Amino acid sequence: MKKRQFMSNVVGSAVAGGLAAALPAAAATSTAAAGPALLTVTGAIGKPNRGKFDPVRDQMMFKQKLSFEKAHAFTFAALAALPAVAIKPTLEYDAKVHALSGPLLLDVVKAAGGALGDNGKLVLRAVDGYAATVTVAQARAQRYIVATHLDGAAMALGGLGPLWAIYDADKVPDMAGKPLPERFGACPWALYHIEVVA
């Protein structure tokens, strides 16, 4: 497949995923019924809803050398069905306060049946391959969310979205004192994969 066509398909899927937000929560249980998956959770999970890694279907993961035997795929609708949390951090890109909202990261992991012991780790991976690791204890203490909305609008692929793992650094004392560019190194935007390590 040509790269340009591949990216066109990815963007089309992201748009369709955004439209899926209007579907009822009951539809969120079926990935096919609710639209394309935007987030895949793998590793130490107990509620898989899709098959194992497929090197053809999972091209981005294949290129990033990922593999898994089981996974839980979330559509936009499935994420929107989880209770949303709103935060207002000062962002490094314009040094202004912005409203972000979406489910707590640990609620997403829990919905996938993920291990949530404090010593566990979550590897957060963006579409460009950037990865950051946070502990479950850190995600809990800093109240990480999987942001789906920025300033009231769904985030677009090509911007910071459609998903962003982020926390309110202004409310975390050891982070609030750091320069803005140093606060969000463990917050990949364009998040698409989480590996749960027990």
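Residues numbered from 1 in each chain as written. Predicted model: local features only at pLDDT ≥ 70, side-chain atom pairs only at ≥ 80, totals over all residues. Heavy atoms only, no water.

## Considerations on the pattern of salt bridges
Where charged atoms from two side chains of opposite charge approach closely, those side chains can pair.
Step number 1: Under the definition given, this model contains 3 salt bridges.
Step number 2: The closest approach of N and O atoms between D118 and R140, which form a salt bridge, is 2.3 Å. On the criterion of sequence distance, the pair formed by D118 in the loop between α5 (105–111) and β5 (121–126) and R140 in helix α6 (residues 136–141) is long-range, its members being 22 residues apart.
Step number 3: The salt bridge involving D170 is made with R183; its shortest N-O contact spans 2.9 Å. Pair noted here: D170 is in the loop between β10 (164–166) and α7 (173–176) and R183 is in the loop between α7 and β11 (191–197), with a separation of 13 residues, a long-range link.
Step number 4: Overall, the relative accessible area of 12% leaves R183 in the buried class. (Salt bridge = Lys/Arg side-chain N within 4 Å of Asp/Glu carboxyl O. Helix = DSSP H or I, 4+ residues; strand = E, 2+ residues; numbered from the N terminus. Buried < 20%, exposed > 50% of the residue type's maximum accessible area, 1.4 Å probe, protein only.)

## Details of the packing of aromatic side chains
Step number 1: Inspection of every chain in the model, using the stated rule, returns 4 aromatic pairs.
Step number 2: When the centroid spacing of 6.4 Å and the interplanar angle of 50° are considered together, the rings of Y93 and W164 count as tilted. Taken together, the positions of Y93 in the loop between β3 (84–87) and β4 (100–103) and W164 in strand β10 put the pair 71 residues apart, joining distant regions of the chain.
Step number 3: Among the residues examined, Y93 registers a relative accessible area of 47% and is labelled partly exposed. (Phe/Tyr/Trp six-rings, centres within 6.5 Å; stacked < 30°, edge-to-face > 60°.)

## A few points about the confidence of the model for the protein chain
Step number 1: Across the protein chain, pLDDT averages 87, with 83% of residues at or above 70.
Step number 2: Under a pLDDT of 50 for its full length, residues 1–32 has, in the predicted model, 30 contacts with residues more than four places off or in other chains. (pLDDT = per-residue confidence, 0-100. Contact = heavy atoms within 4.5 Å.)

## Remarks on the side chain of R183
Step number 1: A polar side-chain atom of R183 sits 3.4 Å from the main-chain carbonyl oxygen of M175.
Step number 2: Not counting residues within four places of it along the chain, the set of residues in contact with R183 comprises Y167, A169, D170, M175, A176 and K178. (Polar contact = N/O pair within 3.5 Å; in protein donor to acceptor, adjacent residues only side chain to side chain.)

## Structural notes on the sheet that holds strand β8 (residues 149–150)
Sheets are built from strands that pair by backbone hydrogen bonding, the pairs being arranged parallel or antiparallel.
Step number 1: An order of β3-β4-β8-β9 is seen for the 4 strands of this open sheet, with the pairing classed as antiparallel. Looking at strand neighbours, the two that pair on one side only are β3 and β9 (153–154), the edges of this open sheet.
Step number 2: Of the pairings in the sheet, the one linking β8 to β9 comprises 2 bridges and is antiparallel in character. Within the sheet, the bridge partner assigned to H149 lies in β9 and is A154. (Pairing = 2+ DSSP bridges.)

## Concerning the pairing of β4
Step number 1: Bridge count for β3 against β4 is 4 bridges, and the pairing is antiparallel. When the bridges of β4 are listed, V85 appears paired with G102.
Step number 2: The pairing of β4 with β8 spans 2 bridges and is classified as antiparallel. If you follow S101 over to β8, its bridge partner there is H149.

## Thoughts on the nonpolar core
Step number 1: Residues L105, L122, Y144 and I166 are the most contacted members of the largest nonpolar core, which totals 44 residues.
Step number 2: At 4 residues, α5 tops the list of elements feeding residues into this core.
Step number 3: Non-local contacts of Y144, meaning those with residues more than four positions away in its chain, are made with L104, L105, L124, V134, Q138, A139, A165, I166, Y167, A186 and C187.
Step number 4: Counting 7 residues, the second-largest nonpolar core is a separate cluster that includes M61, L66, F68 and Y192. (Core = buried A, V, L, I, M, F, W, Y, C linked by side-chain atoms within 4.5 Å.)

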